[in-house]
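Coordinate analysis (summary)
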Amino acid sequence: MKRILFLITLFCAALMVQAQRPQMMRMAEPGLTDQTARKFTLDLTEDGKAQMVCFLPTTSTGKAIVGVPGGGYSVLSNTHEGTMAADWLNKKGIAYFVVNYRMPEGDRTIPMGDVSKGIRIVRDSAAVWGINPDDVGIMGFSAGGHLASVISTLTEYDVRPNFTILFYPVISMDERVSHMWSCRNFLGEDQKNPEMVRKFSTNNAVRRHLTPPACIIMSGDDNLVPPLTNGLTYYTAMRNAGNDCALFLYPSGGHGYGFAPFFAYHDEMLANLGKWLDQLKAPKPDAIKVACIGNSITDGHGIDLAPRNGYPAQLQRILGNDYNVKNFGVSARTMLNKGDYPYMNELAWRDALAFKPDIVIIKLGTNDSKPENWKYNAEFKQDLEQMITSLCPSLAQPAKKGKKAKKGQTVEPVKPQIYLCTPIPAFKSTWNINDSVIVNGIIPIQKEVAAKYGLKIIDLHTLYANDGDKMLTDGIHPDDKGARRMAQIIAGELKK
């Protein structure tokens, strides 16, 4: 009996220590607030010249932000444009990480590499730090805003953030309409190269569906980084692409206020930013990932705000929060690698692979029916097989498909599950798209490949045949009602 009482006492003491641990951690680190459970610094380079200061909240929502201070790519303004945001963000349950990156001195890969490494560390440590790896944003100020926009538009999927916050950002690398020293320090000798100036003027790098949602904060009287030729151009590119983007433009305040309380609209800015962050809903960590691969019909050509109203977005609403549906459609693309615009040459294709989906919806073939593309029809099957086996390498040896389990064992289903969609009917022959080629050439090959690899076919050509009234005037692209109809058909197949 005494032994039992002793064990119970030890167990209760352990519970008390566990409950007090956040408080003990705060006491061990002077200067921490009630909102911050832990603060520490990580070296991003062996020499410690690049570091990341980490602020973990006492109560975490799973959201995280990587901060990128400004300073014209010559110094770091890492207080009011860095650590000063920690208390407010931690109070909202958001983990915060300030990257003290190295200056480029003409080599832009240096700061890009430091910030990219910081994001990778945050995602790799997500489980330990209580973070959802699909809810990691970036927040940049001035030149740091430019760097944040570069990471948001010109990096690969594993580094690209899930959302972007830009304070009075440098966007253009044309020093005539931007901050001269930011341009010169970032590009170095490439400042004389118009192609590089255009490439790293990040309003030119915004991509529909692929560039993350953004919030831009500026003042109309900023005479250091002109808003009209910088932040506003990024907003315009985002809106033209149909991507989610908020713009908060205050009448005065100049440049460089960050989170400092001297900004006249400080309280309003925090309220606006807070509401924007609150409405950003991350997918559930265990949600079923659905990748929608396709051409302009998947992309949502002709549908205003297609990222919200195209068929993949409507499919998301039908399937609900247990699914995470992403749109990887790109207009005009072909399955054929010798077509005029091959899909597998696109960033969207690399993103779809990096997404590591559980389900893939492939809807390609419409543009392949054009005479200039279908002349390579003999290669359509092998190119389709290349896509399938790239998505699911285990299907590269079809003979092993359907392996039976031994008694008492189960065989895990092959992932991802791949659905081949036949093209919807071409109600008109716009752009030389040929419905006869679709019916007699493309669909038979799709069915043959599906049978070979054990894939499922969604026969949109048949199921959508009576929906010609839900098309744009070109007779090729569905309108928003047609996109809804497509989503309903595909959702019905997935739920089977």
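The structure under discussion appears in the preceding block.
Anyway, here's the lowdown on the structure attached to this text.

The next thing to look at is the overall build of the protein chain. On a plain count of helices and strands, the protein chain comes out with 18 helices and 13 strands. Relative to its length of 496 residues, the protein chain is compact, with a C-alpha radius of gyration of 26 Å against a globular reference of 23 Å. Here the protein chain holds 496 residues, and the buried ones make up 53% of them. Sequence separation of at least 24 residues holds for 74% of the intrachain contacts in the protein chain that already meet a minimum separation of 6. About 22700 Å² of surface is accessible on the protein chain, with carbon and sulfur atoms providing 53% of the total. Taking the average location of the 56 positive side-chain charges in the protein chain and that of its 49 negative ones, the two points are 8 Å from each other.

With 51 residues, the main nonpolar core has Phe97, Val115, Val122 and Ile131 as its most contacted residues. Leave out the neighbours within four places in its chain, and Ile131 touches Gly62, Ala64, Ala95, Phe97, Val122, Ala126 and Val136. Core analysis: the next-biggest nonpolar cluster, separate from the first, contains 39 residues, Tyr343, Leu347, Trp374 and Ala426 among them.

Here Lys363 shows up in strand 11 (residues 359–363). Despite its burial, Lys363 pairs with no opposite charge, the nearest such side chain being Asp368 at 9.5 Å. Excluding residues within four positions of it along the chain, Lys363 makes contact with Ile293, Gly294, Asn295, Ile297, Thr298, Cys421, Pro423, Ile424, Leu460 and Met486.

What follows concerns the packing of helix 3 (residues 109–124) against helix 5 (residues 143–153). Two quantities define a packed helix pair, namely the angle between the helix axes and the distance between the axes. Interaxial distance between helix 3 and helix 5 falls to 10 Å at its minimum, and their mutual angle equals 65 degrees. Judged by the inter-axis angle, helix 3 sits roughly perpendicular to helix 5. Helix-helix and strand crossings are classified by hand; for helix 3 and helix 5 the assignment is right-handed. In this structure, helix 3 uses Pro111, Met112, Val115, Ser116 and Ile119 to contact helix 5, whose residues at the interface are Leu147, Val150 and Ile151. Among the residues making up the contact of helix 3 with helix 5, the classes are represented as seven nonpolar, one polar and no charged.

Taken residue by residue, a regular strand's side chains alternate between the two faces of the sheet. For strand 3 (residues 64–68), a buried count of five out of five residues is recorded, marking the element as mostly surrounded by other parts of the structure. The two faces of strand 3 match: Ala64, Val66 and Val68 on one face and Ile65 and Gly67 on the other face are all buried. Where strand 3 meets strand 4 (residues 95–100), four bridges bridge the pair, whose relative direction is parallel. Paired with Gly67 across the strands is Val98, a residue of strand 4. Taking the sense of rotation as the criterion, the β-α-β connection linking strand 3, helix 2 (residues 86–91) and strand 4 turns out right-handed. Relative to strand 5 (residues 136–141), strand 3 is paired through five bridges, and the arrangement is parallel. Residue pairing in the sheet places Ile65 in a bridge with Gly137 of strand 5.

What follows concerns the packing of helix 12 (residues 311–319) against helix 18 (residues 480–495). Contact geometry of helix 12 with helix 18 gives a least axis separation of 8 Å together with a crossing angle of 50 degrees. Viewed along their axes, helix 12 and helix 18 adopt a mutual orientation that is oblique. For the crossing formed where helix 12 meets helix 18, the hand is right-handed. Mapping the contact onto sequence places Tyr311, Gln314, Leu315, Ile318 and Leu319 in helix 12 and Asp480, Ala483, Arg484, Met486, Ala487, Gln488, Ile490, Ala491, Leu494 and Lys495 in helix 18. Looking at the contact of helix 12 with helix 18 residue by residue, the classes come out as 10 nonpolar, two polar and three charged.

Right, let's talk about the sheet that holds strand 11 for a bit. In any sheet, the strands associate via hydrogen bonds between backbone groups, in a parallel or an antiparallel arrangement. Taken in spatial order, the five strands of this open sheet run 10-9-11-12-13, and their pairing is parallel. The strands lining the two open edges of the sheet, one partner per strand, are strand 10 (323–329) and strand 13 (456–458). On average, adjacent strands in this sheet sit at an angle of 20 degrees to one another, irrespective of strand direction. When strand 9 (residues 288–294) meets strand 11, the two strands line up parallel, connected through five bridges. Following the sheet pairing, Gly294 is matched in strand 11 by Lys363.

Another point: the packing of aromatic side chains. Taken as a whole and judged by the stated rule, the model has 20 aromatic pairs. Measuring from centroid to centroid gives 6.3 Å for Phe141 and Phe259, while their planes differ by 70 degrees, and the two rings are edge-to-face. With Phe141 in strand 5 and Phe259 in the loop between strand 8 (245–250) and helix 9 (266–279), the pair connects residues that are 118 residues apart, well separated along the chain. Take Phe141: its relative accessible area is 0%, and that puts it in the buried class. A relative accessible area of 4% means that Phe259 is categorised as buried. These aromatic residues form a ring-pair network of at least three members: Trp88, Phe141, Phe167, Tyr168, Tyr250, Tyr257, Phe259, Phe263 and Tyr265. One Lys or Arg, Arg38, reaches over the ring of Phe40 and ends 4.2 Å from the middle of that ring. Positioned above the aromatic ring of Trp181, the side-chain terminus of Arg184 is 5.3 Å from the ring centre.

Glancing now at helix 8 (residues 231–241). For helix 8, the set of buried residues is Gly231, Tyr234, Ala237, Met238 and Ala241. One face of helix 8 carries all of its buried residues, which in axial projection span an arc of 130 degrees. Among the structural elements, helix 5, strand 6 (163–167), strand 7 (214–219), strand 8 and helix 11 (306–309) are those in contact with the buried residues of helix 8. Just beyond helix 8, the residue with positive phi is Gly242, at close to 85 degrees.

Turning next to the environment of Lys63. Note that Lys63 resides in the loop between strand 2 (51–57) and strand 3. When its relative accessible area of 7% is taken as the criterion, Lys63 is described as buried. Residues Lys63 and Arg108, 45 residues apart in the sequence, show an inter-C-alpha distance of 28 Å. Only 3.0 Å separates the side chain of Lys63 from the side chain of Asp135, close enough to count as a polar contact.

So, on to the side chain of Thr366. Here Thr366 lies in the loop between strand 11 and helix 14 (371–374). The class of Thr366 is buried, set by a relative accessible area of 5%. Those residues in contact with Thr366, other than ones at most four positions away along the chain, are Asn295, Ile297, Pro423, Ile433, Ile438 and Ile476.

Cut-offs and rules
- Residues numbered from 1 in each chain as written.
- Predicted model: local features only at pLDDT ≥ 70, side-chain atom pairs only at ≥ 80, totals over all residues.
- Heavy atoms only, no water.
- Helix = DSSP H or I, 4+ residues; strand = E, 2+ residues; numbered from the N terminus.
- Rg over C-alpha atoms; globule rule 2.2 N^0.38 Å.
- Buried < 20%, exposed > 50% of the residue type's maximum accessible area, 1.4 Å probe, protein only.
- Contact = heavy atoms within 4.5 Å.
- Areas by Shrake-Rupley, 256 points an atom, 1.4 Å probe, with all protein chains shown as cover.
- Lys, Arg positive; Asp, Glu negative; His and termini not counted.
- Charge placed at Lys NZ, Arg CZ, Asp CG, Glu CD.
- Core = buried A, V, L, I, M, F, W, Y, C linked by side-chain atoms within 4.5 Å.
- Salt bridge = Lys/Arg side-chain N within 4 Å of Asp/Glu carboxyl O.
- Axes fitted to C-alpha atoms, helices over the stretch in contact; angles between N-to-C directions.
- Parallel < 35°, antiparallel > 145°, perpendicular 65-115°, else oblique.
- Left-handed = near helix turned anticlockwise from the far one by under 90°.
- Nonpolar A, V, L, I, M, F, W, Y, C, P; charged D, E, K, R; others polar.
- Pairing = 2+ DSSP bridges.
- Right-handed = clockwise from strand over helix to strand, strands pointing away.
- Phe/Tyr/Trp six-rings, centres within 6.5 Å; stacked < 30°, edge-to-face > 60°.
- Lys NZ or Arg CZ within 6 Å of the ring centre and 35° of its normal.
- Arc of directions from axis to C-beta.
- Polar contact = N/O pair within 3.5 Å; in protein donor to acceptor, adjacent residues only side chain to side chain.

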